[in-house]
Amino acid sequence: MTTNIGLDVGKSQALAEKLNVLLANYQVFYMNVRGYHWNITGPNFFELHVKFEEIYDNLVIKIDEIAERILTLGQRPLHSFQDYLAISDIQSHTNAVTDTQTLQGTLDGFKALLVLQRDILFLAGEADDEGTASQMSDYIKEQEKLIWMLNAVSAR
């Protein structure tokens, strides 16, 4: 049996389940970065305040894309924070206000996303799902570069 887009139903369901885990991680990470934007203090305030807004704006776009990919695969995206918190590897990061705390939280979040996205990329390849594979590949490439840049800032 195949989905409406010609993929194996079982493989698509397994991919959608992994994408829901990724979606949960993105949602929790989005809230963390939003908090960093609101609460950052110190001499790097202006630079980081703007950067965190750029990052969370990008995360919210990806959240929508992931949910739409789950729907494209014939499944339903999770849509409650209760569900997200139950399955997310990224935990809520509260009371982070310094550049060190917020940058480390951002780096840790992206590293967790990369692990999940690489796993999904592999599964998508096994399922001949070029759409999901391309999406994950694009995210990985973008986030690897951002991690390099954030590490450069952290090394000051």
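Just above sits the structure.
Thresholds, definitions, all that
Residues numbered from 1 in each chain as written. Predicted model: local features only at pLDDT ≥ 70, side-chain atom pairs only at ≥ 80, totals over all residues. Heavy atoms only, no water. Helix = DSSP H or I, 4+ residues; strand = E, 2+ residues; numbered from the N terminus. Buried < 20%, exposed > 50% of the residue type's maximum accessible area, 1.4 Å probe, protein only. Patch = residues over 30% accessible without salt bridge, like charges linked within 9 Å, V, L, I, M, F, W, Y side chains within 5 Å. Areas by Shrake-Rupley, 256 points an atom, 1.4 Å probe, with all protein chains shown as cover. Salt bridge = Lys/Arg side-chain N within 4 Å of Asp/Glu carboxyl O. Lys, Arg positive; Asp, Glu negative; His and termini not counted. Charge placed at Lys NZ, Arg CZ, Asp CG, Glu CD.

A. Broad picture of unusual backbone geometry. Notably, asparagine 95 is not glycine yet its phi reads approximately 60°, a positive angle. Relative to the helices and strands, asparagine 95 is located in the loop between helix H3 (81-87) and helix H4 (99-126). Accessibility expressed as a relative area gives 70% for asparagine 95, which makes it exposed. In this structure, aspartate 128 takes a positive phi of about 55° despite not being glycine. Here aspartate 128 lies in the loop between H4 and helix H5 (130-154).

B. Representation of a negative patch on the surface in the model. Residues Asp64, Glu65, Glu68 and Asp138 make up a contiguous surface patch of negative charge. A total of 3 residues in the negative patch trace back to one element, the largest contributor, which is helix H2 (residues 45-72). By the element assignment, aspartate 138 lies in helix H5.

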